[in-house]
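Residue-level structure breakdown
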Amino acid sequence: MDKKVILVAGAAGFIPSTLSEFYLKQGHIVLGLDNFITGSRSNVAILNQYKNFKFYECNIYESLPDFKNQKIDEIFSLASPASPVDFQVLPMEILRVNSEGTMHLLDLAMEKNAKFLEASTSEVYGDPEIHPQPEEYFGNVNTIGPRSCYDESKRYAEALTMNYHMHKNVNTRIVRIFNTYGPRMRPNDGRVIPNFINQALRGEDLIVYGDGSQTRSFCYVDDLVCALDIVMNSSCHTPVNIGNPDEYSIYECALKIIEVLHSKSKVVCNNNLPKDDPKKRKPDIRKLKSLASYEPQISFSEGMKRTAEYFKHLV
Ligand code: UDP
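For clarity, every value in this text was computed on a predicted model and none was experimentally measured.

Some details on the nonpolar core
Counting 60 residues, the largest nonpolar core has F76, I193, L228, I242, I257 and L288 as the members making the most contacts within it. Examining the composition of this core, we find that eight residues originate from one element, helix α7 (residues 221-232), more than from any other. With residues near it in sequence (within four places) discarded, L228 still touches I15, L19, F76, L117, V175 and I242. Counting residues in each nonpolar core, the second largest holds 22 residues, with L33, I75, L105 and A114 among its members.

Laid out in structure tokens, this is it:
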């Protein structure tokens, strides 16, 4: 296999660091970029053990490092904070990384004649009226709500990417990532899986927001990395959903985690669903499956066990 030079923006994050290690193990050269706003230095320490990894600490929305004499074959735009908790704390950074940051990466892709992949999100569907969500659905997004800094900047990032493809001939891809979990997630990330696993490990109540009837479909990170690789290696320029269609209500999800981890915790509903919290979410992944043979391999139970092992060693 040809050795490629792959740039990963957001390399200290949970999905991008797992993707980086996937490529490092294959012998490719990975250039990792991060400003550690939400990414972790321990993820970069793992990648630094590979001699084919090079790390650059930088704010991609301000400027990129000097890559003047550097060949680059592929660019993954994975740098945005993505937890609903981040939307409240880092709205300006999220808006800027997905607009100015994405543009800087697209300009670099144009200069280097590199393939470019924008990591968009199921959030572009907002609180969807169509279930499951196919790529043709335009979404139901509140442009000024508490999630809008992420939802709308990712919608803009998609538009930017598509227009660089159509008008500047950049070889682009767009994926829409659905809920993903696994080792290397931040324990205090605020998302449901780290919260529930940590509550179950400590024997505390699992706090369900609202009545728990809202649904999500959870994908284990290794399955997501395979999907990212498939799309980057395809010639599909329009958006592709990536995730696992295995759907659970949040209440069921809490019960399942208690069962899998043999925890004594109880489930408690706080009956306070955050504003604009999507009521249903499940990817239609027929388009992904049409690009290559793909089936998520890791079950919810197995994925939860592996993620819990990771969190156990952190405490
Ligand atoms: N949620 C919950 N308890 C928590 C964290 C989240 O019940 O401790 C709910 C949240 O309201 C949402 C779902 O779990 O309905 C998924 O939330 P998450 O923050 O993981 O991501 P989202 O899919 O909303 O972006």
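Some thoughts on the site of the ligand
Taken together, 18 residues surround the ligand, and among them V192, N195, Y209, R216 and D277 come closest. Within the contact set of the ligand, an oxygen atom lies 2.8 Å away from a backbone nitrogen or oxygen of V192. Contact between the ligand and R281: an oxygen atom at 2.8 Å from a side-chain N or O atom of the residue. Across the complex, the protein chains shield 95% of the 520 Å² of accessible surface that the ligand would expose by itself. Of all elements in the fold, only α6 (192-202) and β8 (206-208) reach the threshold of two or more residues within the shell around the ligand. Per-element accounting of the shell around the ligand gives the leading share, three residues, to α6.

Rules and cut-offs
Along each chain, numbering runs from 1 in the same order as the chain's sequence is written. At least 70 in pLDDT is required for a residue's local features to be given in this predicted model, at least 80 for side-chain atom pairs to be given and counted, and no such filter applies to totals for whole chains, interfaces and linings, which use all residues. Hydrogens and waters are ignored; side-chain quantities use all the structure's heavy atoms. By nonpolar core is meant a set of buried Ala, Val, Leu, Ile, Met, Phe, Trp, Tyr and Cys residues that side-chain atoms within 4.5 Å join together. When accessible area is computed with a 1.4 Å probe and restricted to protein chains, residues below 20% of their type maximum are described as buried, those above 50% as exposed, and intermediate ones as partly exposed. Runs of E in the DSSP output that reach at least two residues are strands. Runs of H or I that reach at least four are helices, and both are numbered from the N terminus. Between two residues, a contact is recorded if the distance between any of their heavy atoms is within 4.5 Å. For each residue, the test is whether any non-hydrogen atom lies within 4 Å of the molecule or strand; if one does, the residue is near. We define a polar contact as two N or O atoms separated by no more than 3.5 Å, with the added condition that, inside protein, one atom must be a possible hydrogen donor and the other a possible acceptor, whereas residues neighbouring each other in sequence contribute only through side-chain atom pairs. Residue-level accessible areas treat just the shown protein chains as cover; the underlying method is Shrake-Rupley with a 1.4 Å probe.

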